[in-house]
Amino acid sequence: MRAEVLHIGEVARRTGLSVHTLRLYERAGLLAGEVRRDETGRRVYSTWDVEWLGNCVKFRASGMPLATISRLARLVREGSGNEAERLEVLREHRRHVIAQLAQLQDCLDLIDGKVAAYERHLAADGTGEPWQQQPMPDAVTPTSPPR
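So, here is what we can say about the structure in this document.

What counts, and at which threshold
Residues numbered from 1 in each chain as written. Predicted model: local features only at pLDDT ≥ 70, side-chain atom pairs only at ≥ 80, totals over all residues. Heavy atoms only, no water. Helix = DSSP H or I, 4+ residues; strand = E, 2+ residues; numbered from the N terminus. Buried < 20%, exposed > 50% of the residue type's maximum accessible area, 1.4 Å probe, protein only. Contact = heavy atoms within 4.5 Å. Salt bridge = Lys/Arg side-chain N within 4 Å of Asp/Glu carboxyl O. Expected span 1.5 Å × (residues − 1). Patch = residues over 30% accessible without salt bridge, like charges linked within 9 Å, V, L, I, M, F, W, Y side chains within 5 Å. Areas by Shrake-Rupley, 256 points an atom, 1.4 Å probe, with all protein chains shown as cover. Phe/Tyr/Trp six-rings, centres within 6.5 Å; stacked < 30°, edge-to-face > 60°.

Among the structural elements, His121 can be located in helix H5 (residues 83-123). Owing to a relative accessible area of 16%, His121 belongs among the buried residues under this scheme. Linking His121 and Trp131, residues ten residues apart in sequence, is a C-alpha distance of 9.3 Å. Look past the residues within four positions of His121 in its chain and what remains in contact with it is Gly126, Thr127, Gly128, Glu129 and Pro130.

What follows is the structure in structure tokens.
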């Protein structure tokens, strides 16, 4: 059985990356395997390359810098024996993602509060500016002094 051979256009379609980005990733050392060329000089990718690029897409979406992806790819290319270093790269990025999630949760909490306030405002007739302090109702004056 022959391994699937993919050209750059098909890889771009499968990964959602542009052809330009795929070339940039190759130049930046982000691929975990060597990009081979066919007899006409066109880039040839394997399904494993596509899987790795899918990881790269997720790494980038999570804020991993290209330099860190390049470092991880280099470690993978070097082969076994550096798994502890790969693990530390991933753990460090995991800490970064957890901090991002906490910040996003804080943002979501603010947005949820604003949504709830506008919903309450509109449900209560929607008059006036929702963020202005509403006047306090007149204080009730007791008929007899407190004891």
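This paragraph deals with the pattern of salt bridges. Summed over the entire model, instances satisfying the criterion amount to eleven salt bridges. Between Arg14 and Glu4 there is a salt bridge, and its shortest N-O distance comes to 2.8 Å. Of the two residues, Arg14 is situated in helix H1 (residues 8-15) and Glu4 in the segment before strand E1 (6-7); the sequence distance between them amounts to ten residues. Assessed through its relative accessible area of 38%, Arg14 is described here as partly exposed. A residue is classified by how much of its surface remains accessible, and Glu4, at 37% relative accessible area, is partly exposed. Asp38 serves as the salt-bridge partner of Arg42, at 3.6 Å between the closest nitrogen and oxygen. On the basis of relative accessible area, Asp38 is assigned to the buried category, the value being 17%. Through salt bridges that share partners, Glu4, Glu10, Arg13 and Arg14 make up one connected network.

Let us now look at helix H4 (residues 66-78). The end-to-end C-alpha distance of H4, which contains 13 residues, comes to 18 Å, matching closely the 18 Å that a straight helix rising 1.5 Å per residue would cover. Every buried residue of H4 is listed here: Ile69, Ser70, Leu72, Ala73 and Leu75. Buried positions along H4 lie against helix H3 (47-61) and H5. Gly79, located one to two residues past H4, shows a positive phi value of around 90°.

A separate point is a nonpolar patch on the surface. Taken together, Leu108, Ile111 and Val115 make up a surface patch of nonpolar side chains, about 240 Å² in accessible area. For Ile111, the position within the fold is in helix H5. When its relative accessible area of 45% is taken as the criterion, Ile111 is described as partly exposed.

Moving on, we get to the packing of aromatic side chains. Ring pairs (aromatic) are described by centroid distance and by the angle formed between their planes. For the structure on display, the rule yields two aromatic pairs. Between Trp48 and Trp52, the ring centres sit 6.3 Å apart and the planes meet at 15°, which makes this aromatic pair stacked. In this pair, Trp48 and Trp52 are both assigned in helix H3, four residues apart and thus about one turn of the helix distant. Taking 6.3 Å as the distance between ring centres and 70° as the angle between the ring planes, the aromatic pair formed by Trp52 and Phe59 counts as edge-to-face.

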